[in-house]
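For reference, the chains in residue letters:
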Amino acid sequence: MNKKELALEVIERLKNEYPDADCTLEYDQAWKLLVSVRLAAQCTDARVNVVVKGLFEKYPTVEALAAADVADIEEIVRPCGLGKSKARDISKCMKVLRDEYDCNIPTDFKSILSLPGVGRKSANLIMGDVFGKPAIVTDTHCIRLVNRIGLVDGIKDPKKVEMALWKIIPPEEGSDFCHRLVWHGRDVCTARTKPHCERCCLNDICHQII
């Protein structure tokens, strides 16, 4: 089985295992997802979902958050870690959305990537979840699992993993596939404990097992 064939088989099995998998960051407006994904760096999505409730209650619009004192933002988001840099990036990003995009998120990848504090992972998440465009989000779960499964060979750099996956993952499957990897990485193919290979839906095709 070559890598493209393996990818298609993994996609189908994960679809059956996690049919309703979606983004684990909770949001009801696109700009809020942009804020949450910045806070999620080196922090769990569960904690981010709690912290942003207070942030969005105090600053419910792009304009309000753009006008907020950076120190106030930092005080609220500190439980997510790296509070100073995250608060600074969020403030700068909201100002750009307010001043250049009429408080909306731009719809093309390059413009999203140019926003303060936004990297390829975040830009891909926005493209896939907000705009329904082809996207591959190479977070830590994705990088760990695609190496274990054998879809990539010893590649740890997020951009290189993304580029390798674009070659074997159908574009329309990329976003959902990455969400399912997150769910699988938390439930079965764990990082902090021994992976639960005995109950993995991929255990007969995973290179880690073979």
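Residues numbered from 1 in each chain as written. Predicted model: local features only at pLDDT ≥ 70, side-chain atom pairs only at ≥ 80, totals over all residues. Heavy atoms only, no water.

An unreviewed UniProt entry annotates the protein as Endonuclease III of Anaerostipes amylophilus. In the Sequence similarities (unreviewed entry) part of its UniProt record, the protein is described as follows: "Belongs to the Nth/MutY family." (UniProt positions renumbered as here; feature names shortened; annotations may be inferred.)

## Details of the packing of aromatic side chains
For the structure shown, the criterion picks out 2 aromatic pairs. Ring centres 6.5 Å apart and planes at 65° place the aromatic pair Y18 and W183 in the edge-to-face group. Here Y18, found in the loop between helix 1 (3-17) and helix 2 (30-39), pairs with W183, found in helix 11 (residues 174-187); they are 165 residues apart in sequence, far enough to count as distant. By relative accessible area, which is 7% here, Y18 ends up buried. When the ring of W31 is compared with that of F56, the centres are 5.2 Å apart and the planes differ by 75°; the resulting orientation is edge-to-face. Remark: F56 occurs in helix 3 (residues 45-58) and W31 occurs in helix 2; sequence separation between them is 25 residues. Take W31: its relative accessible area is 6%, and that puts it in the buried class. Relative accessible area serves as the criterion here: at 11%, F56 is assigned to the buried category. (Phe/Tyr/Trp six-rings, centres within 6.5 Å; stacked < 30°, edge-to-face > 60°. Helix = DSSP H or I, 4+ residues; strand = E, 2+ residues; numbered from the N terminus. Buried < 20%, exposed > 50% of the residue type's maximum accessible area, 1.4 Å probe, protein only.)

## With respect to the environment of C93
Within the secondary structure layout, C93 lies in helix 6 (residues 83-100). For the pair C93 and E9, spaced 84 residues apart in the sequence, the C-alpha separation amounts to 39 Å. Beyond its immediate stretch of four places on either side in the chain, C93 contacts L34, L115 and P116. (Contact = heavy atoms within 4.5 Å.)

## Things to note about the environment of P79
Along the chain, P79 falls in the loop between helix 5 (70-77) and helix 6. Judged by its relative accessible area of 44%, P79 is partly exposed. Separated by 124 residues in the primary sequence, P79 and N203 place their C-alpha atoms 37 Å from one another. If we ignore the near neighbours within four places in the chain, the residues touching P79 are R47 and V51.

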